[in-house]
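Coordinate inspection notes
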Amino acid sequence: MSDTVTDKALAERVTAAYEQYFKKQPEVATSAPGRVNLLGEHTDYNGGFVLPMALRGLGVGVAIGRGPEPGVVRAYSDTFHDAETRNIDEDAVGKWSDYVLGSLKAVAEPEVAETGVQIALITTLPMGAGLSSSAALEVGTLRAVTALYAKRMSAVDLAVRARAVENGYVGMPCGIMDQFASSVGEPGTALFLDTRTLDHETVPALPDHSFVIVESGVSHQLTADGYATRVAECNAACKALGVDLLSDLGIGDLERIAAIEPLLGRRARHIVTDNQRVLDGVTALRTGDAARFAQLMIDSHASQRDDFEITVPETDAIASGALEMGALGARQTGGGWGGAIVALVPNTALADFGEAITSRFPKTRVLAIT
Ligand code: GAF
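Nothing here was measured: the structure is a model prediction, and the numbers come from that model. (Residues numbered from 1 in each chain as written. Predicted model: local features only at pLDDT ≥ 70, side-chain atom pairs only at ≥ 80, totals over all residues.)

Quick notes on helix H6 (residues 225-241)
Our working definition: The helix and strand labels rest on DSSP assignments: H or I over at least four residues marks a helix, E over at least two residues marks a strand, and numbering proceeds from the N terminus. By this rule the span expected of a helix is its residue count minus one, scaled by 1.5 Å. Our exposure labels follow a C-beta count within 10 Å of each residue's own C-beta, placed from the backbone: buried means 20 or more other C-beta atoms, exposed means 12 or fewer, and partly exposed covers the counts in between. This arc is built from the directions going out from the helix axis to the C-beta atoms. Contact definition: two residues whose C-beta atoms, as placed from backbone geometry, lie within 7 Å.
With 17 residues, H6 extends 24 Å between its outermost C-alpha atoms, agreeing within 8% with the 24 Å of an ideal straight helix rising 1.5 Å per residue. Taken together, the buried positions of H6 are occupied by Tyr227, Arg230, Cys234, Ala237 and Cys238. One face of H6 carries all of its buried residues, which in axial projection span an arc of 105 degrees. Opposite its buried face, H6 presents the exposed residues Asp225, Thr229 and Lys239, each directed more than 90 degrees away. Along its buried surface, H6 packs onto helix H8 (262-286).

A closer look at the UniProt feature "domain: Galactokinase N-terminal" (unreviewed entry) in the protein
Under the convention used in this document: UniProt positions are given in the numbering used here, feature names are shortened, and annotations may be inferred rather than shown by experiment.
UniProt tags residues 17-56 as "domain: Galactokinase N-terminal" (unreviewed entry). With 15% helix and 42% strand, residues 17-56 has end C-alpha atoms that lie 21 Å from one another.

What about the site of the ligand?
Operational definition: Being near a molecule or strand means, for a residue, that its backbone-placed C-beta atom lies within 6 Å of it. Put simply, Ala, Val, Leu, Ile, Met, Phe, Trp, Tyr, Cys and Pro go in the nonpolar bin, Asp, Glu, Lys and Arg in the charged bin, and everything else, Gly too, in the polar bin. Throughout the structure description, domain borders are defined by an automatic or database domain assignment.
Taken together, twelve residues form the shell around the ligand, and within it Glu41, His42, Cys174, Gly175 and Gly335 come nearest. Among the residues making up the shell around the ligand, the classes are represented as four nonpolar, five polar and three charged. Here the shell around the ligand spans two domains, and each of domain 1 (7-204) and domain 2 (209-369) adds at least three residues to it.

Describing helix H2 (residues 97-115)
Note the following rule: What is called the bend at a residue is the angle between a pair of axes, fitted to the seven residues leading up to and ending at it and to the seven starting from it.
An ideal rise of 1.5 Å per residue puts 27 Å on 19 residues; H2 reaches only 18 Å between its terminal C-alpha atoms. Remark: the principal bend of H2, roughly 105 degrees, maps to Ala108, with a proline, Pro110, within the next four residues. Residues of H2 that are buried: Ser97, Asp98, Tyr99, Val100, Leu101, Gly102, Ser103, Leu104, Lys105, Ala108 and Val112. Each element contacted by the buried residues of H2 is listed here: strand S4 (72-77), strand S5 (82-87), strand S6 (117-123), helix H3 (133-148) and helix H4 (155-170). Phi turns positive, to about 70 degrees, at Gly116, one or two residues after H2.

Side note on unusual backbone geometry
A cis amide bond links Gly67 to the next residue, Pro68, at an omega of 5 degrees. Locating Pro68 in the fold gives a position in the loop between strand S3 (52-66) and S4. At Lys23, a position not held by glycine, the phi torsion is positive, near 60 degrees. You can see Lys23 is positioned in the loop between helix H1 (8-22) and strand S1 (28-37). The exposed category is assigned to Lys23, around which 7 C-beta atoms lie within 10 Å. Not every positive phi belongs to a glycine, and Leu198 is a case in point at roughly 65 degrees. You can see Leu198 is positioned in the loop between strand S7 (190-194) and strand S8 (200-203).

As structure tokens, then:
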């Protein structure tokens, strides 16, 4: 079993869904949260720093029980009203149940081969919003199956396994941020993670301010080519600069970075500067400096837009529009090409902010205030 907290409401909802669909009680019901990333985008697979925050009330609920047929995995998504039946020895086939099957295989293939499992899922995370719906599904399934077969696993090990599922089974070359935030993070508190060493610590959020997550209405799709292209470009930039990881470089190397092929130079500059912004952001949080943190968010958005080229016109407009509506800072969050923006808003301006942003950008939706 992992040593982490379950969202009771999600666990209860998924228990009810399991009972209704499978006509029996689950043996285990648990959950895993999504995350919003505050600073440090695409730095994780470059060995850099990230600053995500696990979300309260937005996550995946998972209920699981044994049987009835050895080797067979019956998965039911209450959110999509869709069921898939798979065998534990199957490869990934591009369906949502891949995340479930990969996670079961990662820790309990022999057990599932013997007993079979039935598993129900529920999600309160919108898909494609850049809030880690896949990582929450992997972490939730791993929590459920480790509890089912009474296996002890630390939250850090569970995150490492979940990332391996995504990289090796699903085939998405992501870093570890999302799985780590979902497994180790505590809702409402920022998690400062060094992805190279997995050293991490929680950092309290800013007093009297909230992070508001606004869904842009443009859905991103990470398995699409964009993300893998950025991974390849970062690797090419490493070669051009003679380093193993872009996080081996710092702000003092920016001149050297500017001398390589321009596109690769821009990609490397984003990683190096966003990495530094995480460090500066942690200091700003610790000293309660909201204005500094907000400026780092604004700079991070510009870097994603101009250097890493992973924003879209809609998220550019919403991030800058947010600043006219009371936010001190705002940026696109997550993998890129749409999804959500996160804005830092003083609590005194919260009431008007949500109303103003959704009326100016009718496709947006305020998803969470944290
Ligand atoms: C996605 C990936 F899954 C993460 O590993 C990370 O790279 C993020 O995009 C960008 O920061 O969520």
